[in-house]
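# Examining the three-dimensional arrangement
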Amino acid sequence: MPYIPHTAADVRAMLDRIGVAGIDDLFDEIPPALRVDALPGVPEGLPEMDLSRLAAERAAADGARLNFIGAGAYEHHIPAPVWQLVTRGEIYSAYTPYQAEASQGTLQIMYEFQSMITALTGMDVSNASLYDGASALAEACLMAVRAHRHSQSARILMPATVNPVWRRVARAITEGQGLVVEELPYDPARGTTDLQSLERHAGTDLTALVVPQPNFFGQLEDADALTRWAHGNGALVIGAVNPLALALVAPPGEWGEGGADVAVGDGQPFGVPLSSGGPYVGFMTSRLEHVRQMPGRISGRTVDADGRTGYTLTLQAREQHIRRGKATSNICTNQGLLMTAATIHLALLGPVGLERVASACARRTRELVAALTAIPGVREAFAGPRFHEAALLLDRPVAPVLEALAAAGIVGGYDLSRDYPELGHALLVCATETRTSADIERYARALRGLLGRRSAA
Amino acid sequence: MSEIPADLRYTKSHEWVRTLRDGSVEIGITDHAQHSLGDLVFVEVPQAGKQLAAGDACAVVESVKAASDVYSPVAGAVIAGNEELATQPELINQDPYGKGWILRLKPAAAGAAAGLLDAAAYAAEVAAAG
């Protein structure tokens with residue numbers, strides 16, 4: 001069968017049969033004023049050969065830059081089998097099949113993903129992914145409002161150290177539903193949430209406190225103290241974590257006495273390449289007692305009539321096809337493809353491999369910070385433990401420095417002055433396991449050359 | 001034929017109401033409702049203190065087949081939800097008019113339950129719905 005079933009002759013025959021001169025005549029009910037005859041700015045189609053050439057040239061224009069930017073999206077080595085397997089026909093789909101139980105393999109992958117994520121976060125239950133970390137945080141806020149048995153306020157305390165993009169998305173999604181998101185300041189010396197600032201909220205009706213780990217500056221928050229404070233003040237705890245960091249630091253399920261109530265994050269560090277800002281893959285976990293308030297699909301393991309292991313979508317009464325307008329969310333398809341990539345990536349690394357990658361990231365970042373702060377005019381913004389990012393203070397505005405570095409083929413980091421103007425000339429840098437000592441040296445040499453050229457303002 | 005006790009009041013949406021001696025009311029779902037839903041696996045009951053208007057969704061019953069809202073037949077303030085149901089939702093299947101009660105309410109107006117269906121009228125509703 002031809003891929004395009006209607007030849008010109010087919011179309012002509014059909015039009016003749018119904019007595020119409022041309023296809024446009026089928027649309028003559030649409031007033032001319034509403035028609036779009038031309039699409040300005042959209043060029044004519046190209047043959048495949050020309051298109052390949054154009055795409056190759058555009059890709060070359062991007063160059064192979066040396067990357068030291070993180071800020072929510074991280075360059076990691078992705079083992080070749082990950083995408084070799086993900087692109088197999090059997091699993092190459094973003095969708096949960098409509099007749100889900102007919103696709104046992106898909107359901108098993110979802111189940112394995114959930115198992116790995118719960119193991120990593122120390123939480124009881126996981127769903128089978130959300131769109132990205134930012135929307136997962138928004139869903140966690142909505143879930144906390146539903147799950148909290150006593151709070152009437154729908155107030156969420158959101159540290160300023162949470163990724164600014166995540167904060168904006170969380171506000172955009174939740175404020176129309178009546179949630180009140182209140183920002184918490186950070187300690188300017190340590191770049192972590194100011195525990196003192198929480199005290200003015202003590203005794204008020206709070207729904208949840210968000211705890212980022214590590215936070216946007218790469219700093220490790222005192223998650224135990226924050227969790228204890230929140231639980232002591234009747235608020236639920238929402239962890240917003242980098243899952244890779246959990247190979248090294250205490251997972252949300254172990255924070256404080258009872259652990260976080262909900263934990264979310266972005267699975268991008270697991271098998272998802274950097275690609276113009278997306279797509280990413282969010283994950284969401286919670287304590288078992290809140291599972292009926294959790295959005296998203298959940299695959300469960302069971303046995304069939306003959307006692308053989310099988311997988312099934314479970315707890316579907318939360319979902320829109322059953323609960324309609326009162327569903328826990330309208331998410332049912334999620335990021336199946338990237339969830340599959342993350343599952344394979346994690347399976348290849350295993351717990352030991354994951355810890356080695358996380359340790360290498362932390363080590364490379366220490367090396368990077370040491371190399372850059374040895375340059376006159378560069379110092380660390382914050383003291384205290386961190387994971388694989390660090391905020392640095394320069395003696396001059398960051399943007400022109402980043403431009404000059406880009407001209408030298410180096411992506412030097414994320415300019416913090418837009419989101420945190422109070423920090424001054426602050427730059428967020430990141431080194432993952434993909435950066436070598438030679439890479440770090442190259443960056444340091446370039447920066448030294450730039451900053452030495454003119455004296456500080 | 002499902003059980004429809006003569007001393008209770010009913011709604012078309014299959015809730016029952018029992019007026020207690022102190023004027024408060026006890027609310028649950030009928031034997032017919034629990035039978036239609038099948039085995040219950042989860043019940044969400046309201047918190048004490050919650051103010052409800054007549055017809056407000058006040059609880060959720062989830063069975064292996066479906067999840068349904070329970071609507072408050074009368075206006076009032078919640079005195080208590082049946083916390084036993086959190087771990088034993090099957091109480092509604094086993095004893096819908098007794099241990100399977102869902103919430104107790106202090107009605108906003110005395111005698112509000114009087115306007116609801118009596119057992120005969122409810123039995124006619126169930127029969128008519130086939």
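Residues numbered from 1 in each chain as written. Chains lettered and ligands numbered in written order. Predicted model: local features only at pLDDT ≥ 70, side-chain atom pairs only at ≥ 80, totals over all residues.

The helix and strand tally for chain B stands at 4 helices and 9 strands. Counted from the first residue to the last, chain B has its helices and strands arranged as β-β-β-α-β-β-β-β-β-α-α-β-α. Compactness check: chain B gives a C-alpha radius of gyration of 13 Å against a globular reference of 14 Å for 130 residues, within 12% of the reference. Each of the 130 residues in chain B was classed as buried or not, and the buried ones make up 41%. Of the contacts formed within chain B by residues at least 6 apart in sequence, a portion of 65% connects residues at least 24 apart. (Helix = DSSP H or I, 4+ residues; strand = E, 2+ residues; numbered from the N terminus. Rg over C-alpha atoms; globule rule 2.2 N^0.38 Å. Buried ≥ 20, exposed ≤ 12 C-beta atoms within 10 Å, placed from the backbone. Contact = placed C-beta atoms within 7 Å.)

In this assembly, 5 residues from chain B lie in contact with 6 residues from chain A. The residue makeup of the side of chain B that touches chain A, split by class, is 3 nonpolar, 1 polar and 1 charged. (Nonpolar A, V, L, I, M, F, W, Y, C, P; charged D, E, K, R; others polar.)

All right, on to the domain arrangement of chain A then. Annotation of chain A at the domain level lists domain 1 (8-55), domain 2 (66-77 + 351-453) and domain 3 (80-344). On a C-alpha basis, the centroid separation for the pair domain 1 of chain A and domain 3 of chain A is 45 Å. (Domains from an automatic or database assignment.)

Turning our eyes to something else, we now look at the nonpolar core. Core analysis: the biggest nonpolar cluster contains 117 residues, and A:Cys141 and A:Ile238 have the highest contact counts within it. For this core, the element with the highest residue contribution is helix H10 (residues 336-373) of chain A, accounting for 14 residues. Mapped onto the domain boundaries, this core takes at least three residues apiece from domain 2 (66-77 + 351-453) and domain 3 (80-344) of chain A. Ranked by size, the runner-up nonpolar core spans 29 residues in total, among them B:Tyr10, B:Ile29, B:Ile102 and B:Leu105. (Core = buried A, V, L, I, M, F, W, Y, C linked by C-beta atoms within 7 Å.)

Another point: the confidence of the model for chain B. Of the residues in chain B, 98% reach a pLDDT of 70 or more, and the chain-wide mean stands at 93. Reported for the predicted complex are a pTM of 0.87 and an ipTM of 0.75. (pLDDT = per-residue confidence, 0-100.)

Let's shift gears to helix H11 (residues 398-407) of chain A. Residues and elements named next belong to chain A. Listing the buried residues of H11 in full gives Val398, Val401 and Leu405. Down the axis of H11, the sector holding all buried residues measures 65 degrees, keeping them to one side. Looking at H11, the residues exposed on the side facing more than 90 degrees away from the buried face are Pro400, Glu403 and Ala407. For H11, the elements touching its buried residues are strand S14 (389-394), strand S15 (410-411), strand S16 (414-415), strand S17 (426-430) and helix H12 (437-453). (Arc of directions from axis to C-beta.)

A separate point is unusual backbone geometry. Residues and elements named next belong to chain A. A cis amide bond links Gln213 with the next residue in sequence, Pro214, at an omega value of -15 degrees. Its location among the elements puts Pro214 in the loop between strand S7 (208-213) and helix H8 (223-232). One non-glycine residue with positive phi stands out, namely Ser276, at about 55 degrees. Along the chain, the position of Ser276 falls in the loop between strand S9 (262-266) and strand S10 (282-286). Classification of Ser276 by C-beta neighbours within 10 Å gives exposed; the count is 6.

Moving on: the pairing of strand S2 (residues 15-19) of chain B. Residues and elements named next belong to chain B. Relative to S2, strand S1 (residues 9-10) is paired through 2 bridges, and the arrangement is antiparallel. Bridge pairing in S2 links Tyr10 to Trp16. Taken together, S2 and the strand that follows it, strand S3 (residues 25-29), pair antiparallel across an intervening segment of 5 residues, in which Gly23 is found at a positive phi of about 90 degrees. (Pairing = 2+ DSSP bridges.)

This brings us to the sheet that holds strand S4 (residues 40-44) of chain B. Residue and element names in this part refer to chain B. Pairing in this open sheet of 3 strands is antiparallel, and the strands run S4-S6-S7 from one edge to the other. A strand with exactly one partner marks an edge of an open sheet, and here the two such strands are S4 and strand S7 (67-71). With direction set aside, neighbouring strand axes in the sheet form an average angle of 25 degrees. Of the pairings in the sheet, the one linking strand S6 (residues 57-63) to S7 comprises 5 bridges and is antiparallel in character. Within the sheet, the bridge partner assigned to Glu62 lies in S7 and is Ala67. (Axes fitted to C-alpha atoms, helices over the stretch in contact; angles between N-to-C directions.)

What follows is about the packing of H10(A) against H12(A). Residues and elements named next belong to chain A. Packing of H10 against H12 leaves a shortest axis separation of 9 Å and a crossing angle of 25 degrees. Here H10 is positioned roughly parallel relative to H12, judged by the angle of their axes. Judged by the twist between their axes, the crossing of H10 over H12 is right-handed. Here Glu367, Leu368, Ala371 and Leu372 of H10 lie close against H12, whose contacting residues are Ser437, Ile440, Glu441, Ala444 and Leu447. In terms of residue class, the contact of H10 with H12 is made up of 6 nonpolar, 1 polar and 2 charged. (Parallel < 35°, antiparallel > 145°, perpendicular 65-115°, else oblique. Left-handed = near helix turned anticlockwise from the far one by under 90°.)

What follows concerns the environment of B:Ala57. By the secondary structure assignment, B:Ala57 is in strand S6. On a C-alpha basis, the gap between B:Ala57 and B:Ala127 in space is 25 Å, while along the polypeptide they are 70 residues apart.

Moving on, we come to the pairing of strand S4 (residues 180-184) of chain A. All names here are of chain A. In the sheet, strand S3 (residues 155-159) pairs with S4 via 5 bridges, with the strands oriented parallel. Bridge pairing in S4 links Arg155 to Val180. This β-α-β element, S3 to helix H6 (residues 164-174) to S4, shows right-handed connectivity. (Right-handed = clockwise from strand over helix to strand, strands pointing away.)

Looking now at the sheet that holds strand S5 (residues 51-52) of chain B. Paired through backbone hydrogen bonds, the strands of a sheet run either parallel or antiparallel to each other. Residue and element names in this part refer to chain B. Taken together, 6 strands build an open sheet; the order of strands is S1-S2-S3-S9-S8-S5 and the sheet is antiparallel. With partners counted over all chains shown, the strands left at the sheet margins are S1 and S5, one partner each. Bridging between strand S8 (residues 76-81) and strand S9 (residues 103-107) involves 5 bridges; their strand directions are antiparallel. What sits directly across from Val78, in S9, is Leu105.

Residue and element names in this part refer to chain A. Within the secondary structure, Gln114 is located in helix H4 (residues 104-121). Taking the C-alpha atoms as reference, Gln114 lies 8.0 Å from Ser299; in sequence the two are 185 residues apart. In this structure Gln114 touches Ser126, Ala128, Ile298 and Ser299, once residues within four positions along its chain are discounted.

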